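As a plain string of letters, each chain reads:
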Amino acid sequence: MSLRPGVTLTPIDEVAVLLDERTGRYSQLNATAALVLRSLLAGHGPDEAARDLVRTHPAATPTAEADIAALLAQLRAANLIVDREQPR
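Now for a quick tour of the structure. These numbers were taken from a predicted model, which means no experiment stands behind them.

Things to note about unusual backbone geometry
- Positive phi is not limited to glycine here, since Asp13 has a value of about 55 degrees.
- Summarising the element assignment, Asp13 is placed in the loop between β2 (7-12) and β3 (15-20).

Let's talk about the sheet that holds β3
- Read across the open sheet, the three strands follow the order β2-β3-β4; overall the sheet is antiparallel. The open sheet has two edge strands, β2 and β4 (25-29), and neither has a second partner. The average undirected angle you get between the axes of adjacent strands in this sheet is 20 degrees.

Focus: the pattern of salt bridges
- Applying the stated criterion across every chain, the model contains three salt bridges.
- Across the pair Arg55 and Asp52 runs a salt bridge, and its minimum N-O distance is 2.3 Å. With Arg55 and Asp52 both in helix α2 (residues 46-56) and three residues apart, this pair spans about one turn of that helix.
- Its relative accessible area of 59% is what places Arg55 among the exposed residues.
- A residue is classified by how much of its surface remains accessible, and Asp52, at 13% relative accessible area, is buried.
- When the shortest N-O distance is used, the salt bridge between Asp83 and Arg76 registers 2.9 Å.
- Owing to a relative accessible area of 40%, Arg76 belongs among the partly exposed residues under this scheme.

Details of helix α3 (residues 64-77)
- Given a rise of 1.5 Å per residue, 14 residues ought to cover 20 Å, and the 20 Å separating the end C-alpha atoms of α3 matches this to within 8%.
- Looking at the buried positions of α3, the neighbouring elements they touch are β3, β4, α1 (31-41), α2 and β5 (81-82).
- Looking at the residues trailing α3, positive phi occurs at Asn79, about 60 degrees.

Some words on the packing of α2 against α3
- Close contact between α2 and α3 brings their axes to 9 Å; oriented N to C, the two are set at 120 degrees. It follows from the interaxial angle that α2 and α3 lie oblique. Crossing of α2 against α3: the hand is right-handed. Facing Pro46, Asp47, Ala49, Ala50, Leu53 and Val54 of α2, the residues of α3 in contact are Ala64, Glu65, Ile68 and Leu72.

Rules and cut-offs
- Residues numbered from 1 in each chain as written.
- Predicted model: local features only at pLDDT ≥ 70, side-chain atom pairs only at ≥ 80, totals over all residues.
- Heavy atoms only, no water.
- Helix = DSSP H or I, 4+ residues; strand = E, 2+ residues; numbered from the N terminus.
- Pairing = 2+ DSSP bridges.
- Axes fitted to C-alpha atoms, helices over the stretch in contact; angles between N-to-C directions.
- Salt bridge = Lys/Arg side-chain N within 4 Å of Asp/Glu carboxyl O.
- Buried < 20%, exposed > 50% of the residue type's maximum accessible area, 1.4 Å probe, protein only.
- Expected span 1.5 Å × (residues − 1).
- Contact = heavy atoms within 4.5 Å.
- Parallel < 35°, antiparallel > 145°, perpendicular 65-115°, else oblique.
- Left-handed = near helix turned anticlockwise from the far one by under 90°.

Listed below in structure tokens is the structure:
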């Protein structure tokens, strides 16, 4: 996964802001969402991002996978991310 061209991620302490330069819309990510997005952008899949999240926030264990799926759905719906092409 990667950010759609024209979308920038700006970390601010533990939180982050996504700017869609095409529309001028900002999306603020809380600390948990920012951690997960950084993990996904680093090339980790959703399962590995869930493990990263649980290592940092053990209380997230019961809902980590569902929370990551919901975050990805929101980012896709807002057209902020794109899936990377798989090598053939």
